[in-house]
Amino acid sequence: MAELIETELERRLSLYQTFVKLYEHHGSLLDDILQLENSQMPTYVGIKSLYLQGVIDSTSVYTVTNLCAGATQTLKQPQQIWTIGRSPHNGIQLNDSYVSRHHGAIQFVEEEQSFYLIDLNSTNGSHINGEKVFKQVLLKDGDRIRLGNTTFYFFLNVTTRLLPSVAVELLMQTLPHSDTDVDLQPDWTTKTRILRESDDTVEMRHRICSQFQESNVTSTPIFDIEQSPEILSYFSSQPLPNKLG
């Protein structure tokens, strides 16, 4: 029995070494085959695409990624170096047995305003778009990175746009529907009901009124923040139709 086990282990080791050599010389070809196979497979619900995004804005540089246990996080690092590996001491920890304890790093070079991938002498190496990385390599938007058995995409964000204000008509459509806030008072008859405004509705009206005042637009009664007792009394006293539409 021991001889059979030893023979099987030797066979598997030989097969693994052959595969490693094949991948070292034809890694890009194998990646293309796997990519083609994955593109023909159906999309399964619940499977997340892994990514790391480098963000450069006017105030800071940081990364956004879901590599940390699948939860999207914003990672800020004072030295602008995000280490990746199996050890929990890395900024980004990967639960992958084929990833070294300190496998690689993403570094931002301020002089060039660019992100680089650095392999930290890992056992199984690092790959960008199927090519093995032997030195510091510049990352481009959309690059496919593979560390061990973990593959993720790198995205670069260097542009921040300030969008114009939303039109008033659209703002009014974002207000909560009144039918969700209608309630019957126990002391009133079934033919009478009072309309209550939720805290969210009041807050939204305050914001809209503030925007109108800053824009020097003449306010209309619909935007009056103070509620009129006479108007409330009028609407609350109106009888309801016999049949609701």
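Here is a short report on the structure shown in this document. Model, not experiment: these values are computed from the prediction.

### Some points on a nonpolar patch on the surface
Then, in step 1: Together, L13, Y16 and Y98 make up a nonpolar patch on the protein surface, roughly 300 Å² of accessible area in all.
Then, in step 2: Under the relative-accessibility criterion, Y98 is labelled partly exposed at 38%.

### Thoughts on the nonpolar core
Then, in step 1: Core analysis: the largest hydrophobic core is formed by 22 residues, its most contacted members being W82, I92, I106, F115, L139 and I145.
Then, in step 2: For this core, the elements supplying multiple residues, two or more each, are β1 (51-56), β4 (81-85), β6 (104-109), β7 (114-119), β11 (143-147) and β12 (150-157).
Then, in step 3: When residues no more than four places from it in sequence are discounted, the contact partners of I106 are L52, Q80, I81, W82, I84, F115, Y116, L117 and L139.

### Some points on the packing of aromatic side chains
Then, in step 1: One pass over the structure, following the stated rule, counts three aromatic pairs.
Then, in step 2: Aromatic side chains W82 and F115 sit 6.1 Å apart centroid to centroid with 40° between the ring planes, which places their arrangement in the tilted category. You can see W82 sitting in strand β4 and its partner F115 sitting in strand β7, a full 33 residues away along the chain. With respect to class, W82 is no different from F115; both count as buried.
Then, in step 3: The rings of W82, F108, F115 and F154 are connected pair by pair, giving a single aromatic cluster.
Then, in step 4: Of note, K76 hangs over the ring of Y62, and the distance from its end group to the ring centre comes to 5.6 Å.

### Comments concerning the pairing of strand β2 (residues 61-65)
Then, in step 1: The buried fraction of β2 amounts to five of the five residues, a majority that puts the element mostly inside the structure.
Then, in step 2: Of the two faces of β2, the one lined by V61, T63 and T65 and the one lined by Y62 and V64 are each fully buried.
Then, in step 3: Here five bridges tie β1 to β2, and the two strands are oriented antiparallel to one another. Note on β2: the bridge partner recorded for G54 is T63.
Then, in step 4: Relative to strand β3 (residues 73-75), β2 runs antiparallel, the two sharing three bridges. Paired with V64 across the bridge in β3 is T74.

What counts as what
- Residues numbered from 1 in each chain as written.
- Predicted model: local features only at pLDDT ≥ 70, side-chain atom pairs only at ≥ 80, totals over all residues.
- Heavy atoms only, no water.
- Patch = residues over 30% accessible without salt bridge, like charges linked within 9 Å, V, L, I, M, F, W, Y side chains within 5 Å.
- Areas by Shrake-Rupley, 256 points an atom, 1.4 Å probe, with all protein chains shown as cover.
- Salt bridge = Lys/Arg side-chain N within 4 Å of Asp/Glu carboxyl O.
- Buried < 20%, exposed > 50% of the residue type's maximum accessible area, 1.4 Å probe, protein only.
- Core = buried A, V, L, I, M, F, W, Y, C linked by side-chain atoms within 4.5 Å.
- Helix = DSSP H or I, 4+ residues; strand = E, 2+ residues; numbered from the N terminus.
- Contact = heavy atoms within 4.5 Å.
- Phe/Tyr/Trp six-rings, centres within 6.5 Å; stacked < 30°, edge-to-face > 60°.
- Lys NZ or Arg CZ within 6 Å of the ring centre and 35° of its normal.
- Pairing = 2+ DSSP bridges.

Honestly, that's just the spatial picture; any functional story needs more than this.
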